[in-house]
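# A closer look at the structure
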Amino acid sequence: MKKALVLLLCLVMTLTSVFAQGASEPKADEPITLEFWTHEDSARQVLEERYIEEFKQLHPNVTVNVTRQSAEKLRELIQTAFASGEGPSFFNLPIENEFQYIEAGRVAPADYKTLGFKDAKDLLANYQEGMIDGVYYDGDVYGLPLELTNWSIFLNKKVFRDAGLDPEKDYPKTWEDMVEVSKKIVIRDGDIITRRGFDFRYSYELTYFIPMVEQLGGSLSEKDGCVNKEAWVKALTFMKEWGPQGENLGNPTLTAARKLFNKDNNDIAMCNTGLYQEARILTDNAAFYNSGEWMVVPYPVFEDAVKDVAGCYYGHFYMVNADKSKAEQQMAWELIKYFLLTEGHAEEYLTQVGLIQPTKALMEGATYAAQPYSEVFKNDFARSHIVYYGKGATEIQSAINSAIKQVMLQGTDPSAAYDALQKNVLEILAD
């Protein structure tokens, strides 16, 4: 008994020592290596490489290793890393993929003092109301927004005119318009599509497809799954008729429309993407950017829509790994602060990369107003809401993607696809 008590006391003393060391203040000159994982973006990379070099001049004891991956690969990489306890110092993902790390306690609450705020309320007051609520959890803020993005429709005027359409008058206001316009624009070699009018952002169904369902009176609920079968079946039927089993206007196996748009090669007329696309057009094809031959138009609705809903907005938030030492966490927040909160940086992210950091100062200021078609995005923001980021968001998105591919590529009956989807979603929510 005495031996057990001694062992217990030794264990308590050891743990107390460990916790005390973890709580100690980091030394100013302590060597620190930050592992920063983020998604690829050539324009943002140039900007952030400059910021990192400037930061290292201010903090010579800090080394920053950057890992850049495609958005989908990054999501998989971070999931695997956290599962093995080897996550980065800080990272960003879309909120629908990140929120699970907040709920699981794997990311640290904001270091308000380091960031220059009194508390969570003071931090939230710096941003447009409601726009970063996705990272507010149990009284704390768990991330700062690299970007808050909604999608509208980018349109190539030349392709419209080549198809005998007036881009200013004939751009699609409804999804039914989108079908009819795309029929006039599409070019095929047999069954092979060589020019599309438009195509969807397949694999991002929470962002583009859920609003289509909501327009028809349906919804995605953390409690009840895919609510209102009629609305879901109608939206799935639309996707089936869009694909090779119907009008053959597009499908998930083709190159993503937004990746083709900037090239201006007469192979895509419209794509669904965010304001950031403007900076990418400028980087990829300055002649096209300066030509005046592109425009942005609002997110369409169904003719019989019961609700006017634009594409959901989502956020990429910088979050800090809660498993790292206090010194590493604090320095990670210091670098995030330098990225996002240094005077003039939000304007540079917007003008050079096209990323919106939804601070009140930026979104109510002249720089945002001066961006081409910013009014379209602003109006679509007003018609939208944040993407679903609740329980099982990543798995639910994958399940919806599978249902859409089944109806489009395999000819599955939309009603049967809905039944299988709802069963799958309810199982995910019950897990």
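Below, the structure is looked at part by part.

Criteria and cut-off values
- As a convention, each chain's residues are numbered from 1 in the sequence order in which they are written.
- Local features in this predicted model are restricted to residues whose pLDDT is 70 or higher, and side-chain atom pairs enter the listing and the counts only when it is 80 or higher, whereas totals over whole chains, interfaces and linings include all residues.
- For the side-chain quantities, the full set of heavy atoms in the structure was used; hydrogens and water were omitted.
- Comment: elements are numbered from the N terminus, with helices defined as DSSP H or I runs of at least four residues and strands as E runs of at least two.
- Under this definition, polar contacts are N or O atom pairs within 3.5 Å; protein pairs additionally need one hydrogen-donor-capable and one acceptor-capable atom, and for neighbouring residues in sequence, both atoms have to be side-chain atoms.
- Any cysteine sulfur atom paired with another within 2.5 Å is treated as part of a disulfide.
- Relative accessibility decides the category of a residue: with a 1.4 Å probe and only protein chains considered, values under 20% of the type maximum give buried, values over 50% give exposed, and everything between is partly exposed.
- Strands were regarded as paired on the criterion that DSSP finds at least two bridges between them.
- Only the contacting stretch of a helix is used when fitting its axis, a line to C-alpha atoms as for every element, and angles between N-to-C directions run 0 to 180 degrees.
- In this description, contact between two residues means that some pair of their heavy atoms is separated by no more than 4.5 Å.
- Only rings of Phe, Tyr and Trp enter the pairing, Trp through its six-membered ring, and a pair is recorded when the two centres are within 6.5 Å. The plane angle decides the type: under 30 degrees is stacked, over 60 is edge-to-face, the rest tilted.

### Points about the side chain of Ser-152
With respect to the helices and strands, Ser-152 occurs in strand S7 (residues 151-156). Looking at Ser-152, its side chain comes within polar contact range of the side chain of Asp-380, at 2.7 Å.

### Regarding the state of the cysteines
This model, assessed by the stated rule, comprises 0 disulfides. Among the cysteines around Cys-271, which has no disulfide bond, Cys-312 carries the closest sulfur, lying 18 Å off. A residue is classified by how much of its surface remains accessible, and Cys-271, at 0% relative accessible area, is buried.

### Regarding the sheet that holds strand S3 (residues 90-94)
Reading across the sheet, the 5 strands line up as S2-S1-S3-S14-S6 and stay open at both edges, with mixed pairing between neighbours. The open sheet has two edge strands with one neighbour each: strand S2 (62-69) and strand S6 (144-149). On average, each strand axis in the sheet is tilted by 15 degrees relative to the strand beside it, whichever way the strands run. Across the sheet, helix H15 (residues 326-341) lies against strand S1 (32-39), S2, S3, S6 and strand S14 (314-320), angled at about 50 degrees from S1, the strand it touches most.

### Some details on unusual backbone geometry
Residues other than glycine predominantly adopt negative phi, and peptide bonds predominantly adopt the trans conformation. Positioned with a positive phi, Asp-138 is a non-glycine residue whose angle comes to about 50 degrees. Along the chain, Asp-138 falls in the loop between strand S4 (136-137) and strand S5 (140-141).

### A closer look at the packing of aromatic side chains
Counted according to the given criterion, the structure contains 40 aromatic pairs. Note on Tyr-51 and Tyr-338: the rings are 6.3 Å apart at their centroids and 85 degrees apart in plane angle, and the pair reads as edge-to-face. Taken as a pair, Tyr-51 in helix H2 (residues 42-58) and Tyr-338 in helix H15 lie far apart in primary sequence, 287 residues in all. With a relative accessible area of 16%, Tyr-338 lands in the buried category. Here the aromatic rings of Phe-99 and Tyr-389 are separated by 4.9 Å at their centres, their planes lie at 65 degrees, and the arrangement is edge-to-face. Note that Phe-99 is positioned in helix H4 (residues 95-103) and Tyr-389 in the loop between helix H19 (374-382) and helix H20 (393-409), a separation of 290 residues in sequence. A relative accessible area of 7% places Phe-99 in the buried class.

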